[in-house]
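What follows is the residue order along each chain.
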Amino acid sequence: ISSLLWASGVAPVYSDQAGFVSAAHGAYTCAVTSAGGIKCWGFNHNGQLGNGTTTNSSTPVQVVGLTAGFTAVSPGGSHTCAVTSAGGIKCWGNNLQGQLGDGSGGSGIANSSTPVQVEDLTASFTAVSSGGYHTCALTTVRGVKCWGSNLQGQLGAGVIQLDSLTPVDVAGLTAGVAAVSSGGRHSCALTSAGGLKCWGNNTNGQLGDGTLTARNIPVDVVGLTSGVAAVSTGNYHTCALTTSSGLKCWGRNRSVGGTLEGQLG
């Protein structure tokens with residue numbers, strides 16, 4: 001598995017006769033074709049398939065306008081974002097918390113069932129990770145920017161309960177980052193030195209800092225200040241691949257009702 005693709009929320013799959021080279025999935029699935037286009041299928045209530053409708057599809061549909069020139073795609077809770085080969089990002093789907101990053105969004109603002117351009121006049125991007133109601137992306141200078149919901153501090157900008165409709169810098173992570181992964185309401189970043197930092201919702205210990213306190217700026221994961229190769233965040237838990245090929249997980253290990261689900265392995 002490519003650690004960069006995994007950490008960016010894109011799980012590689014074998015190319016098939018249809019020409020798909022990578023895919024990412026949840027309640028719906030999106031894939032990058034060998035031609036650099038984006039196709040999606042599955043649940044589409046918020047327009048997250050990007051084909052101009054809100055109709056579910058059991059077969060791949062073409063995302064409007066995205067037939068070539070894209071390197072990665074990341075589905076979130078009900079929105080999707082993709083990175084262009086030129087360093088831009090386009091997003092579509094749910095936008096009630098501004099998670100599409102185009103400067104619109106908020107209560108009463110319509111979602112977009114076709115891609116819109118993320119608004120950032122200063123940055124170029126190499127990777128994107130769509131969370132539950134927020135999005136984070138890695139810039140070409142190895143910094144992290146996030147946008148959308150910030151109810152639990154998941155934008156990492158030093159404030160809570162102030163959504164952002166456009167990208168904002170994550171505090172202390174304007175350089176030196178290798179990968180970023182957005183979960184339900186938290187995010188984690190892998191540093192170039194192999195350390196792991198997380199921020200946002202922490203009700204189940206998913207930040208790994210030994211507390212259950214939400215953090216609006218990145219904090220170190222206990223015992224993982226070095227030796228990490230990749231990270232992947234879930235709704236309420238996080239897992240990291242170590243440089244020694246081990247796997248460590250933390251956060252929720254049960255359902256809301258208390259039934260053991262075993263997501264920590």
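Residues numbered from 1 in each chain as written. Predicted model: local features only at pLDDT ≥ 70, side-chain atom pairs only at ≥ 80, totals over all residues. Heavy atoms only, no water.

Enquirer: Could you give an account of the overall build of the protein chain, with specific residues and numbers?
Expert: Across its full length, the protein chain holds one helix and 20 strands. In terms of C-alpha radius of gyration, the protein chain reaches 17 Å, essentially the compact-globule figure of 18 Å for 265 residues. Overall size of the protein chain, expressed as C-alpha extent along the three principal axes, is 45 × 40 × 40 Å. Split into buried and exposed, the 265 residues of the protein chain put 50% on the buried side. Considering only residue pairs separated by 6 or more positions, the protein chain has 44% of its internal contacts joining residues 24 or more positions apart. Summed over its atoms, the accessible surface of the protein chain is roughly 10900 Å², and 53% of this surface lies on carbon and sulfur atoms. Separation between the mean location of the 10 positive side-chain charges and that of the 9 negative ones in the protein chain comes to 7 Å. (Helix = DSSP H or I, 4+ residues; strand = E, 2+ residues; numbered from the N terminus. Rg over C-alpha atoms; globule rule 2.2 N^0.38 Å. Buried < 20%, exposed > 50% of the residue type's maximum accessible area, 1.4 Å probe, protein only. Contact = heavy atoms within 4.5 Å. Areas by Shrake-Rupley, 256 points an atom, 1.4 Å probe, with all protein chains shown as cover. Lys, Arg positive; Asp, Glu negative; His and termini not counted. Charge placed at Lys NZ, Arg CZ, Asp CG, Glu CD.)

Enquirer: Quick one: what's the story with the state of the cysteines, residue by residue and with numbers?
Expert: The final tally for this structure, using the stated rule, is five disulfides. Cys136 shares a disulfide with Cys146; S-S distance 2.1 Å. Given an S-S torsion of about 105°, the disulfide between Cys136 and Cys146 has right-handed geometry. One end of the pair, Cys136, is in strand β11 (residues 134-139); the other, Cys146, is in strand β12 (residues 144-148), with 10 residues separating them in the sequence. (Disulfide = S-S within 2.5 Å.)

Enquirer: Please give an account of the sheet that holds strand β14 (residues 177-182) that cites residues and values.
Expert: Across the sheet, which stays open at both edges, the four strands sit in the order β14-β15-β16-β17 with antiparallel pairing between neighbours. Whereas interior strands pair on both sides, the edge strands pair on one side only; in this sheet they are β14 and β17 (215-220). When strand polarity is set aside, the average angle formed by the axes of neighbouring strands in this sheet is 20°. Both β14 and strand β15 (residues 186-191) contribute to a ladder of five bridges, which runs antiparallel. Within the sheet, the bridge partner assigned to Val177 lies in β15 and is Thr191. (Pairing = 2+ DSSP bridges. Axes fitted to C-alpha atoms, helices over the stretch in contact; angles between N-to-C directions.)

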